[in-house]
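Analysis of the macromolecular model
Here are the chains, one letter per residue:
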Amino acid sequence: MNSILNKGKETHTLSLSEIIELLNSDGVELYKAADEVRKKYVGDEVHLRALIEFTNICKNTCMYCGIRSANNNIQRYRLSKTEIIELAKQGIDIGFKTIVLQGGEDSYFNKDLMCEIISEIKSLGDVALTLSIGERSLDDYRAFKLAGADRYLLRIETTDENLYKNMHPGMNFENRKRCLYDLKSLGFETGTGCLIGLPNQTIESIAKDILFFKELDADMIGVGPFIPHPDTPLADNKIGSFSLALKVMAITRLLLPNINIPATTAMETICKDGRKMALECGANVFMPNITDYSSAHKYEIYPNKAGINGTKKNVFSEIEKSLNSINRTIGKDKGFKKAIE
Ligand code: 5AD
């Protein structure tokens, strides 16, 4: 166990069987190692990313997701270009250095409209822009990059092809991978990640997810437990394990020591102080939701989603207080991936 952790800390490589051993451990030593590596490579700053959930309209029918197109029990919304830009402006005005635009796969936001939104937000100030709007063509991704987008989030969700197929009707695993490699090749800081606790997901397949993160050379990794949503086919399935998600995050920190890893909302949702715990087990990013409450509570990918922070002036001081309580500070710059010194 200790020799595996030392190898992870020093070489940032682990074999499949070593990862499986860590996933089956109680996690205590692993968390300590991940916290050390986090401190050494990315320091004590926590980068904030202001999240705007701008549309919950989605053409896909992912089995776990509350905004799947087959869910008729949800009020759909789509913010206008003006509303999106106004929210971004409020976020920038209160001090956020990154804006994240996240939405369902909504074809209303075509290439040209997205490019207008991207360049207008980028012209508002010295801010990084992250997109999380799903699978698109290489041509679209290229246009988004040229318009000024800096980062892109697209979780692979699972690398188990059979499970991927069962969870994503009508979607294609190869295309998802194609998107990720296209994003990397275009120079986006590329984020991916996986869900923990999908039905029939094995420890071995989760270990392979982690090796995939390394193979892609991901710049950001988001990991969260699966949370059953009542209006989905997986309503009666078990909730994912918090500690398993934490272990996946911690191992990812060992293998990709300098990347950005968020303490995810799903972790906070299923465990009180889950976000703080994540920050002490490898995470260094926090993504407050600044979408207006009236829309944000409709962006229910899973029930009881934690924390809608809004754009009130005191958002920063509240977050700062909470971070200071674990000896961490708010990042002062845009928080791009740090080079390995
Ligand atoms: N539980 C947890 N996470 C979910 N996501 C979608 N639905 C759920 C759920 N029921 C995650 C997916 C997606 C991200 C935006 O939210 O991993 O990539």
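All of the points below concern the structure found in this document. (Residues numbered from 1 in each chain as written. Predicted model: local features only at pLDDT ≥ 70, side-chain atom pairs only at ≥ 80, totals over all residues. Heavy atoms only, no water.)

**Topic: the sheet that holds strand E4 (residues 128-132)**
Filter applied, for reference: Here, any two strands with at least 2 DSSP bridges between them count as paired. Where helices and strands are cited, they refer to DSSP runs of H or I of at least four residues and of E of at least two residues respectively, numbered from the N terminus. Here an angle of 0 to 180 degrees is reported between the N-to-C directions of two axes, which are lines fitted to C-alpha atoms, with helices fitted over the stretch in contact. Any two residues whose heavy atoms approach within 4.5 Å are treated as being in contact.
With parallel pairing, the six strands of this open sheet are ordered in space as E2-E3-E4-E5-E6-E7. Because the sheet does not close on itself, it has two edges, and the strands there are strand E2 (50-55) and strand E7 (220-225). Each strand of the sheet is rotated relative to its neighbour by a mean of 20°, with strand direction disregarded. Across five bridges, strand E3 (residues 98-103) lies against E4 in parallel orientation. Residue pairing across strands places Ile99 opposite Leu129, the latter belonging to E4. Here helix H9 (residues 203-216) sits on the sheet in contact with strand E6 (189-196) and E7, set at roughly 180° to E6. Set on the sheet, helix H10 (residues 242-255) makes contact with E6 and E7; between it and E7 the angle comes to about 165°.

**What about the site of the ligand?**
This is how the line gets drawn: For this description, a residue counts as near a given molecule or strand if any of its non-hydrogen atoms is within 4 Å of it. Polar contacts, as counted here, are pairs of nitrogen or oxygen atoms within 3.5 Å of one another; within protein the pair requires one atom able to donate a hydrogen and one able to accept it, and residues that are adjacent in sequence qualify only if both atoms are side-chain atoms. Areas reported as accessible are Shrake-Rupley estimates using a 1.4 Å probe. Residue values count occlusion only from the protein chains shown. Three categories are distinguished: nonpolar for Ala, Val, Leu, Ile, Met, Phe, Trp, Tyr, Cys and Pro, charged for Asp, Glu, Lys and Arg, and polar for the others, with Gly belonging to the last.
Residues in contact with the ligand, as listed here, are Tyr64, Cys65, Arg155, Glu157, Leu195, Pro225, Phe226, Ile227, Ile301 and Tyr302. Separating an oxygen atom of the ligand from a side-chain N or O atom of Glu157 is a distance of 2.6 Å. The separation between a nitrogen atom of the ligand and a polar main-chain atom of Ile227 is 2.7 Å. Considered on its own, the ligand offers 410 Å² of accessible surface; in the complex 86% of this is hidden by protein. In terms of residue class, the shell around the ligand is made up of eight nonpolar, no polar and two charged.

**With respect to the pattern of salt bridges**
Worth spelling out the cut-off: Any Lys or Arg side-chain nitrogen located within 4 Å of an Asp or Glu carboxyl oxygen qualifies as a salt bridge.
What the rule picks out here adds up to 27 salt bridges. As a salt-bridge pair, Glu53 and Lys305 come within 2.6 Å of each other at their nearest N and O atoms. Here Glu53 is found in strand E2, whereas its partner Lys305 is found in the loop between helix H13 (293-296) and helix H14 (315-324), with 252 residues between them in sequence. The structure contains a network of salt bridges with shared partners spanning Asp35, Arg38, Lys39 and Asp44.

**Comments concerning the packing of aromatic side chains**
What describes a pair of aromatic rings is the distance from one ring centre to the other and the angle between the planes of the rings. The following threshold applies: Note on aromatic pairs: the rings of Phe, Tyr and Trp (six-membered ring only in Trp) are paired at centre separations within 6.5 Å, and the planes decide the class, stacked below 30 degrees, edge-to-face beyond 60, tilted for the rest. The cut-offs for exposure are 20% and 50% of the maximum accessible area for each residue type, with area from a 1.4 Å probe on protein chains only; residues under the lower value are buried, those over the upper are exposed, and the others partly exposed.
Considering all chains together, one arrives at six aromatic pairs under this definition. Ring geometry for Tyr141 versus Tyr152: centroids 5.0 Å apart, planes at 75°, classification edge-to-face. Taken as a pair, Tyr141 in helix H6 (residues 138-147) and Tyr152 in strand E5 (residues 151-153) lie far apart in primary sequence, eleven residues in all. For Tyr141, a relative accessible area of 0% translates into the label buried. Take Tyr152: its relative accessible area is 0%, and that puts it in the buried class. Every member of this aromatic cluster is reached through a ring pair, and the members are Phe54, Tyr108 and Phe109.

Bear in mind that shape data such as this cannot, by itself, settle questions of function.
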